[in-house]
Amino acid sequence: MGNYYVGQDTSIGFGKEGTFGTAVVPSYFPAYETWSPNGKNTPIKRANARRRRGQSYMATGQYDFSASLRPGAEPDVLFFLLACAFGAQTIPTLVASPASTVAYNSTLSFGATIPSFTTQFYRVGDAIDFSGCMIDTLKLACGPGQELQADFGIVGQTEAINVAPTVPSYSSVFPLISEATGGQIGINGTLLTGPNSPVIKNWSVSLNNNLDKSLRTVGSRFVQGFPLGQRMVSGSLTLSFASSAQYKLFYGALTATSPQPSITPATVGITVASQSYADPATGKLIPYSLNLNMNAVYITSDLVPGKLQGQLEQTFAFEAAESAGNDDLSCVITNASGSIY
């Protein structure tokens, strides 16, 4: 019988490119839950009559690549992909409180550009290098009983078979999860904790980089780059309905009793952590964590549907905007690396 290749023997890896489309050796290897690559050859139809019933063989048109990816949520690897999605990262600095010599904070924000990277897909029988990859969309979501779900929409320039793929090295860090100590969600600076606060059922935040996929030139089948479009951020929180506080914010102000002439911007902060520590020293115990910050969110809805029985829920939905000195969305990553990705 012939060889049968199985999914559990596959791997994917990523490496940041110095030049767009020039493949590099991968250095970050996440476990993955979903990976769906999609290369496409577009035919150029020859619309003509040639006294026959079938169509003429097509001319060769453009090549396109896209993929969807949900990697594992091990932070030391996931943060590389997040840095590629945002584009700008501050130089890591040691966590000041409690003072640490091994745990670092760094802020990811909207860069004027975002980097390209190579994706290596080991298919057991062979390996493919997808080069000129960039992150078009990102959705982060989490709830009790699951690790952080990070869904990436990726586009790329080209691909090639790699006859000597890199042997992967995997993270030993626990993933970001809802239950880890240090996780929290706040609206307008007030943490959603305590007996009179809503219970957080789940949350999601989406980033769309709106990459332009049409940058092409004469004499080539391949895209020449993916210029950034206007960034768009949206999200939602599914909460128990413990009070009307969030619903009043939907009206426009915390003191409102009906829809107001204008909606006051709100702030939303979300932190999710790991059960592994960037600094495990006694008295420190600084976990790996991801802190998302949105300083000017426009609340689009806060639906509270009726139920025949059981706890009422509300879906607090919003779009984010930039504010003075702040991007629509930024995040602080805490890890054990003193280098930028």
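This text follows the structure it describes.
What counts and what doesn't
- Residues numbered from 1 in each chain as written.
- Predicted model: local features only at pLDDT ≥ 70, side-chain atom pairs only at ≥ 80, totals over all residues.
- Heavy atoms only, no water.
- Pairing = 2+ DSSP bridges.
- Helix = DSSP H or I, 4+ residues; strand = E, 2+ residues; numbered from the N terminus.
- Phe/Tyr/Trp six-rings, centres within 6.5 Å; stacked < 30°, edge-to-face > 60°.
- Lys NZ or Arg CZ within 6 Å of the ring centre and 35° of its normal.
- Buried < 20%, exposed > 50% of the residue type's maximum accessible area, 1.4 Å probe, protein only.
- Salt bridge = Lys/Arg side-chain N within 4 Å of Asp/Glu carboxyl O.
- Contact = heavy atoms within 4.5 Å.
- Expected span 1.5 Å × (residues − 1).
- Disulfide = S-S within 2.5 Å.

Trainee: With reference to specific residues and values, describe the pairing of strand E12 (residues 184-187).
Mentor: Alignment of E12 against strand E16 (residues 266-279), held across four bridges, turns out to be antiparallel. Across the sheet, Gly186 pairs through a bridge with Gly269, a residue of E16. Relative to strand E13 (residues 190-191), E12 runs antiparallel, the two sharing two bridges. What sits directly across from Ile187, in E13, is Thr190.

Trainee: Requested: an account of the packing of aromatic side chains, with residues and values cited.
Mentor: One pass over the full model with this rule turns up 14 aromatic pairs. Aromatic side chains Tyr247 and Tyr251 sit 5.1 Å apart centroid to centroid with 70° between the ring planes, which places their arrangement in the edge-to-face category. Here the residue Tyr247 and the residue Tyr251 both occupy positions in helix H2 (residues 245-251), the gap between them amounting to four residues, near one helical turn. An aromatic cluster is defined as three or more aromatic residues linked by ring pairs; in this entry it consists of Phe14, Tyr28, Phe80, Phe117 and Tyr341. A cation over a ring is seen here: Arg231 above Phe110, with NZ or CZ 4.5 Å from the ring centre.

Trainee: Please give an account of unusual backbone geometry that cites residues and values.
Mentor: Cis geometry marks the peptide bond from Ser97 to Pro98; its omega dihedral reads -10°. Phi at Val124 takes a positive value of approximately 75°, unusual for a residue other than glycine. Relative to the helices and strands, Val124 resides in the loop between strand E7 (117-122) and strand E8 (127-142). Positive phi, normally seen in glycine, also occurs at Leu285, with a value near 45°. With a relative accessible area of 45%, Leu285 lands in the partly exposed category.

Trainee: Which residues make up the pattern of salt bridges, and what values do they have?
Mentor: Going through the model one piece at a time under the given rule, you end up with six salt bridges. With a closest N to O distance of 3.3 Å, Arg70 and Glu33 form a salt bridge. A residue pair is termed long-range when its members are at least 10 positions apart, and Arg70 in strand E3 (residues 59-71) and Glu33 in strand E2 (residues 32-44) qualify at 37 residues. When its relative accessible area of 53% is taken as the criterion, Glu33 is described as exposed. Close ionic contact of Arg70 with Asp151 constitutes a salt bridge, the shortest N to O distance being 2.9 Å. With a gap of 81 residues between them, Arg70 in strand E3 and Asp151 in strand E9 (residues 149-156) connect regions that are remote in the sequence. For Asp151, a relative accessible area of 24% corresponds to the partly exposed category. Each of Glu33, Arg70 and Asp151 takes part in a single network of salt bridges with overlapping partners.

Trainee: With reference to specific residues and values, describe the side chain of Asp136.
Mentor: Along the polypeptide, Asp136 turns up in strand E8. The residues touching Asp136, leaving out its near neighbours within four places in the chain, are Gly153, Leu207, Asn208, Asn209, Asn210, Leu211 and Lys213.

Trainee: Go over helix H1 (residues 75-86) with me, naming the residues and quoting the values.
Mentor: With twelve residues, H1 extends 16 Å from end C-alpha to end C-alpha; this agrees with the ideal 16 Å at 1.5 Å per step. The buried fraction of H1 is high, at eleven of twelve residues. Residues of H1 that are buried: Pro75, Val77, Leu78, Phe79, Phe80, Leu81, Leu82, Ala83, Cys84, Ala85 and Phe86. Gly87 sits one or two positions beyond H1 and adopts a positive phi of about 105°.

Trainee: How would you sum up the state of the cysteines? Please name residues and give values.
Mentor: In total, this model carries zero disulfides according to the counting rule given. Residue Cys142 stays outside any disulfide, its sulfur separated by 15 Å from that of Cys331, the closest cysteine. The thiol sulfur of Cys331 is not disulfide-bonded, and the nearest other cysteine sulfur, from Cys84, lies at 12 Å. With a relative accessible area of 1%, Cys331 lands in the buried category.

Trainee: Mind laying out the environment of Lys201, listing which residues take part and the relevant values?
Mentor: Among the structural elements, Lys201 can be located in strand E14 (residues 200-208). Here Lys201 falls in the partly exposed class, since its relative accessible area comes to 25%. In sequence terms Lys201 and Thr238 are 37 residues apart; their C-alpha atoms lie 5.3 Å from each other. Apart from the residues lying within four places of it in its own chain, the contact partners of Lys201 are Gly143, Pro144, Thr238, Leu239, Ser240, Gln311 and Glu313.

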